[in-house]
Amino acid sequence: MKGSDEVTSTSPVALAQWGDRLWGALMDGDEFEAAGTAFAALDAGVDPETVLLEVIAPAQAKVGGEWAANRISVAAEHAATAINERVIAALAHHPAGQVEPSLGRVAVACVDGEWHALPARLLAEVLRLRGWQPDFLGAHVPTPHLIAHLHQTNSRAVALSSSIPTRLPAAHAAITACQAIGVPVIAGGSAFGPDGRYARRFGADGWAADARGAADWLRGATPRPALAAHHPIDDLPHLADQEYTFVTRNAPALVRRTLQGLYGEGEPVGDASAERTPDGGEDARQRAAEDISTFVGFLGAALYVDDDDLFSHHIRWTVDILEARAVPVTWLPGVLDLLAHQLNDFPRARRVVAAARRGLLDRLGSSLSTPGSQA
Ligand code: B12
């Protein structure tokens, strides 16, 4: 293990140095060095909350950035995340992390279908350090089980975490269900948008960008009146057009027909031509199927919140990911054309797809424009 002599203060520079040391340990797969780094930072006078949020959290975000840029493998990402989870647990058991709970119980849960538990875990630990008794329910908490937990525990509030925008409809359902029994909900995590716009649209009682903001909000949280007979459409009137319902119910068929159109199979769909087919045989076809399936998921989420940018952002993200792996992206406009063609009777869906297509063509160059596009 390296010594900690060179890092002794809590200045941003020093925190960055602790972060670099943790990063080295994560990349070496060295759990003991990683935990030793966190303990050394505590010994040097850095408080546990700062270690969690300004050393571990940025290192974890860097794991994602390095994976996206194809500089580390999926295995390295998984290993680093697993080590960070162990470091967070070790910090909670360190004498510097002991706080007597005095503020009551708070349920900290990930939305149904949401597997990003680490952000919620960081939040739970910060709340514990601030005097709460968090019940950390982990990843993928089905809403009925969350509600059963609230009935059994007399929680003061729910802190609901979601990182993937495709889980937004489930998040909305969870917020409404908690409020129906009078428990206030603070929502957070990257799915809700950088400014928390979707949390507000869903009527969440609060939103915060990070764990510190969540702790500050919770101090003022009081029981709320139970929400009576509330439906998603009450918050999102555009759902009356049934476009979200159509796209989600028909997702498997949309994906299948798009893939067939891309490969020139089955009945012709639109004008996108098979020459845009991704190269690389069966593996490439399987990956294209996964990408298209994700597109349809994000299209559904964009329709749910009525935000073109949610879908456009995902298309941009996909281009980044594919280009970092030297996978050709010239077939993507054809996919959007095929989707648009199948959504002929759905003006909102066509608007969302068209906006993404414009952004994609701007990025890839107008030479890729597909004549006769339906978008
Ligand atoms: C680790 C990881 C995983 C792990 C999660 C394991 C675990 N135990 O958590 C696994 C492998 C399961 C995973 C799966 C996937 N992942 Co992932 N993952 C990540 C990664 C690398 C780190 C997440 C993390 O811990 N971040 C660190 C913390 C600190 O993040 P944070 O959001 O800033 O948290 C703070 C705030 O958001 C806030 N907060 C969080 N929750 C709450 C709640 C409340 C109430 C409040 C107030 C505040 C709050 O407080 C936190 C602390 O201050 C990110 C990259 C990244 N940059 O985050 C990708 C990332 C989130 N994943 C991504 C993707 C695409 C996926 C998959 C779809 C991949 C796939 N093809 O299967 C799946 C989806 C699974 C699912 N349905 O949930 C993308 C999302 C892109 C997008 N369009 O949104 C990212 C951004 C990767 C990338 N660089 O592109 N992933």
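Now for a description of the structure that goes with this document. Computed from a prediction, not measured in an experiment: that's the story for all the values here.

1. Points about the overall build of the protein
Next, step 1: When helices and strands are counted, the protein shows 16 helices and 5 strands.
Next, step 2: A globule of 375 residues ought to have a C-alpha radius of gyration of about 21 Å, and the protein, at 23 Å, matches this closely.
Next, step 3: In terms of overall dimensions, the protein has C-alpha extents of about 65 × 55 × 30 Å along its principal axes.
Next, step 4: The burial tally for the protein puts 50% of its 375 residues in the buried class.
Next, step 5: For the protein, the proportion of contacts with a sequence separation of at least 24, taken over those separated by at least 6, is 72%.

2. Overview of the pattern of salt bridges
Next, step 1: Enumeration according to the criterion identifies 22 salt bridges in this entry.
Next, step 2: Across the pair D205 and R224 runs a salt bridge whose closest N-O atoms are separated by 2.6 Å. Taken together, the residues span a long stretch of sequence, with D205 in the loop between helix 8 (197-201) and strand 5 (206-207) and R224 in the loop between helix 9 (211-219) and helix 10 (232-235) at a distance of 19 residues.
Next, step 3: The class of D205 is partly exposed, set by a relative accessible area of 28%.
Next, step 4: As a salt-bridge pair, R316 and D309 come within 3.6 Å of each other at their nearest N and O atoms.
Next, step 5: One network of salt bridges, with partners in common, ties together E49, E54, R130, R212 and D216.

3. So, the site of the ligand
Next, step 1: Residues in contact with the ligand amount to 37 residues; listed here are only the nearest, E85, W115, H116, S161 and W317.
Next, step 2: Between the ligand and W115, the relevant distance is 2.7 Å, taken from an oxygen atom to a main-chain nitrogen or oxygen of the residue.
Next, step 3: Contact distances for the ligand include 2.8 Å between a nitrogen atom and a side-chain N or O atom of H116.
Next, step 4: Of all the secondary structure elements, the ones that give two or more residues to the shell around the ligand are helix 3 (48-68), helix 4 (74-93), helix 5 (117-129), strand 3 (157-161), strand 4 (185-188), helix 9 and helix 14 (308-324).
Next, step 5: At 7 residues, the largest contribution of residues to the shell around the ligand is made by helix 3.
Next, step 6: Residues that form the shell around the ligand fall into these classes: 23 nonpolar, 10 polar and 4 charged.

4. Re the coordination of the cobalt atom of the ligand
Next, step 1: Here the protein supplies the cobalt atom of the ligand with just one donor, H116 (NE2), and that contact is 2.2 Å long.
Next, step 2: Take H116: it is sitting in the loop between strand 1 (105-110) and helix 5.

5. Here's the deal with the sheet that holds strand 5
Next, step 1: Across the sheet, which stays open at both edges, the 5 strands sit in the order 2-1-3-4-5 with parallel pairing between neighbours. At either margin of the open sheet sits one strand with a lone partner, and together these are strand 2 (133-138) and strand 5.
Next, step 2: As paired elements, strand 4 and strand 5 share 2 bridges and run parallel to each other. When the bridges of strand 5 are listed, I186 appears paired with G206.

6. Some words on the nonpolar core
Next, step 1: The biggest cluster of nonpolar side chains holds 65 residues, and the ones touching the most others in it are V158, F192, F202 and F311.
Next, step 2: Per-element tally for this core: the top contributor is helix 13 (residues 281-305), with 12 residues.
Next, step 3: Setting aside chain neighbours within four positions, we find F192 in contact with L160, S162, L168, A171, I175, A187, R197, Y198, A199, F202 and W207.
Next, step 4: The next biggest cluster of nonpolar side chains, apart from the first, holds 49 residues, and it includes L42, V55, A117 and L127.

7. A short note on the packing of helix 1 (residues 12-28) against helix 4
Next, step 1: It is at 8 Å that the axes of helix 1 and helix 4 come closest, and there the two elements cross at 125°. In terms of their interaxial angle, helix 1 and helix 4 are classed as oblique. In the packing of helix 1 onto helix 4, the handedness of the crossing is right-handed. Across from L22, L26 and M27 in helix 1, the residues of helix 4 making contact are A80, I83 and N84.

8. Points about the packing of aromatic side chains
Next, step 1: The full count for this structure, using the stated rule, is 4 aromatic pairs.
Next, step 2: A centroid spacing of 6.0 Å and a plane angle of 75° characterise the contact between F202 and Y304, whose relative ring orientation is edge-to-face. Here F202 is found in the loop between helix 8 and strand 5, whereas its partner Y304 is found in helix 13, with 102 residues between them in sequence.
Next, step 3: On the basis of relative accessibility, which here comes to 4%, the residue Y304 falls in the buried class.
Next, step 4: The structure contains a cluster of three or more aromatic residues connected by ring pairs, namely F202, Y244 and Y304.

Conventions we followed
- Residues numbered from 1 in each chain as written.
- Predicted model: local features only at pLDDT ≥ 70, side-chain atom pairs only at ≥ 80, totals over all residues.
- Heavy atoms only, no water.
- Helix = DSSP H or I, 4+ residues; strand = E, 2+ residues; numbered from the N terminus.
- Rg over C-alpha atoms; globule rule 2.2 N^0.38 Å.
- Buried < 20%, exposed > 50% of the residue type's maximum accessible area, 1.4 Å probe, protein only.
- Contact = heavy atoms within 4.5 Å.
- Salt bridge = Lys/Arg side-chain N within 4 Å of Asp/Glu carboxyl O.
- Near = heavy atom within 4 Å.
- Polar contact = N/O pair within 3.5 Å; in protein donor to acceptor, adjacent residues only side chain to side chain.
- Nonpolar A, V, L, I, M, F, W, Y, C, P; charged D, E, K, R; others polar.
- Donors = N, O, S within 2.8 Å, 3.2 Å for Na, K, Ca; no water.
- Pairing = 2+ DSSP bridges.
- Core = buried A, V, L, I, M, F, W, Y, C linked by side-chain atoms within 4.5 Å.
- Axes fitted to C-alpha atoms, helices over the stretch in contact; angles between N-to-C directions.
- Parallel < 35°, antiparallel > 145°, perpendicular 65-115°, else oblique.
- Left-handed = near helix turned anticlockwise from the far one by under 90°.
- Phe/Tyr/Trp six-rings, centres within 6.5 Å; stacked < 30°, edge-to-face > 60°.

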